[in-house]
Protein chains: 2
Amino acid sequence: MGVVDVARDRSASLVHVGVVRSSPDLPIERRLHAIAEGIRAVLDEHRPDVVAVERVFAQNNRHSVMGTAQASGIALLVAAERGLPAHTHTPSEVKAAISGYGAADKRQVQTMVARVLRLDALPQPADAADALALALCHAWRGGGAAPAAGGGALTPAQRAWADAERGARR
Amino acid sequence: MGVVDVARDRSASLVHVGVVRSSPDLPIERRLHAIAEGIRAVLDEHRPDVVAVERVFAQNNRHSVMGTAQASGIALLVAAERGLPAHTHTPSEVKAAISGYGAADKRQVQTMVARVLRLDALPQPADAADALALALCHAWRGGGAAPAAGGGALTPAQRAWADAERGARR
């Protein structure tokens, strides 16, 4: 999971990065419970305005896709439990947002995340960099296709994006 | 969702059947939250010993599979929250258990569920019959591949199955 703070000028800083792990020895329902608890702990500590989750496609990597879909469902559920709007972005959208290139490789994503957040080292593991890239993508895109629940309640990132768009049109 | 009570002789009776619905107008995170709340309400009212969930495969019906995977993840999570063991069964396993035929159609499943539970009418919609068939499948199979969490703590259905197996070996 990655938590970032995005300013009105779209500059961003790192708030939290980590990987929620669950023991592969546990039965699936206990693993999903551990994931839910891990996400809840991060949301309760950092109180983000909005949650972004990777959009999973059935055609990608069939062996892992069902577990990924279940975990993404858990993340969406936990966001709703906390009253937070949630949005999904595809891996291509995330890569394009962070690197300008929808087919960027993991190293390119790590490198760009480190540059944007002014980190001294590449975020490790690559999944953690992906989470930060997803958070940045969401903030910069201003919520993607779906507006934040509640309509008028723009997040700071959405306001920054809207401001930037207005600026660009002048 | 279907809740059944299975006796030691493997006869079964209907406890509850229903469909947890969520408005398609809601954003996905709110829909998953509504599903979680619906499942929690049934578990809290009927306090089952074990939860069975359909095992979803990526190769089935790509358009709906991700939503189904997310909902199944929610069901597994909610079971774990309540301290219940959960197990998954494939649609073929369920059909074979209820009808003796792994490729049974929806009408055959509805008919057999109605017969087993001595219902006056076919369970409607077909999804509700599928849920009851899944519950019966789990009870009769005695937990499928994975034993109940905790090992020694057999559910009544698992005891019934174990007894029946012992009986058959004599």
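Conventions adopted
- All chains use their own residue numbering, which begins from 1 and follows the written sequence.
- Chains and ligands are labelled by the order in which they are written, letters from A for the one and numbers from 1 for the other.
- Per-residue local features of the predicted model are confined to residues with pLDDT of at least 70, and side-chain atom pairs are confined, for both listing and counting, to 80 or more; whole-chain, interface and lining totals are unaffected and use all residues.
- Based on all heavy atoms of the structure, the side-chain values leave hydrogens and waters out of the count.
- Secondary structure elements are taken from DSSP: a helix is a run of H or I of four residues or more, a strand is a run of E of two residues or more, and numbering for both begins at the N terminus.
- We call two N or O atoms a polar contact when they sit within 3.5 Å, provided that within protein one can donate a hydrogen and the other can accept it, with sequence-adjacent residues counted only if both atoms are side-chain atoms.
- The contact definition used throughout considers only heavy atoms, calling two residues in contact when any of these lie within 4.5 Å.
- Only residues with pLDDT of at least 70 in both copies count here: their C-alpha atoms drive the least-squares fit that superposes the copies.
- When a carboxyl oxygen of Asp or Glu is within 4 Å of a side-chain nitrogen of Lys or Arg, the pair counts as a salt bridge.
- When a residue's accessible area, from a 1.4 Å probe over protein chains only, is under 20% of the maximum for its type it is buried; when over 50% it is exposed; and in between it is partly exposed.

A. Spatial organisation of the side chain of Ser-22 of chain B. Residue and element names in this part refer to chain B. In this fold, Ser-22 is placed in the loop between β2 (12-17) and α1 (28-46). Here Arg-31 takes part through its side chain, which lies 2.9 Å from a polar atom of the side chain of Ser-22. Leave out the neighbours within four places in its chain, and Ser-22 touches Arg-31, Ala-34 and Ile-35.

B. Summary view of the relation of the copies chain B and chain A. Rotating chain B by 180 degrees about the axis while translating it 0.0 Å along that axis superimposes it on chain A, leaving an RMSD of 0.0 Å. Interpreted geometrically, this transformation is the action of a two-fold axis. Residue Gln-70 of chain B of chain B places its C-alpha closer to the rotation axis than any other residue of that unit, at 2.3 Å. Most of the interface of chain B is mirrored in chain A: 100% of its interface residues are interface residues there too.

C. The arrangement of the pattern of salt bridges in detail. Counted according to the given criterion, the structure contains 12 salt bridges over all chains. For Glu-81 of chain A, the salt bridge is made with Arg-40 of chain A, and the minimal N-O distance between the two is 3.0 Å. Residue Glu-81 of chain A is located in helix α2 (residues 62-81), and its partner Arg-40 of chain A is located in helix α1 (residues 28-46); the two are separated by 41 residues in the primary sequence. For Glu-81 of chain A, a relative accessible area of 22% puts it in the partly exposed group. Measuring nitrogen to oxygen at the nearest pair gives 3.6 Å for the salt bridge that ties Arg-141 of chain B to Glu-93 of chain B.

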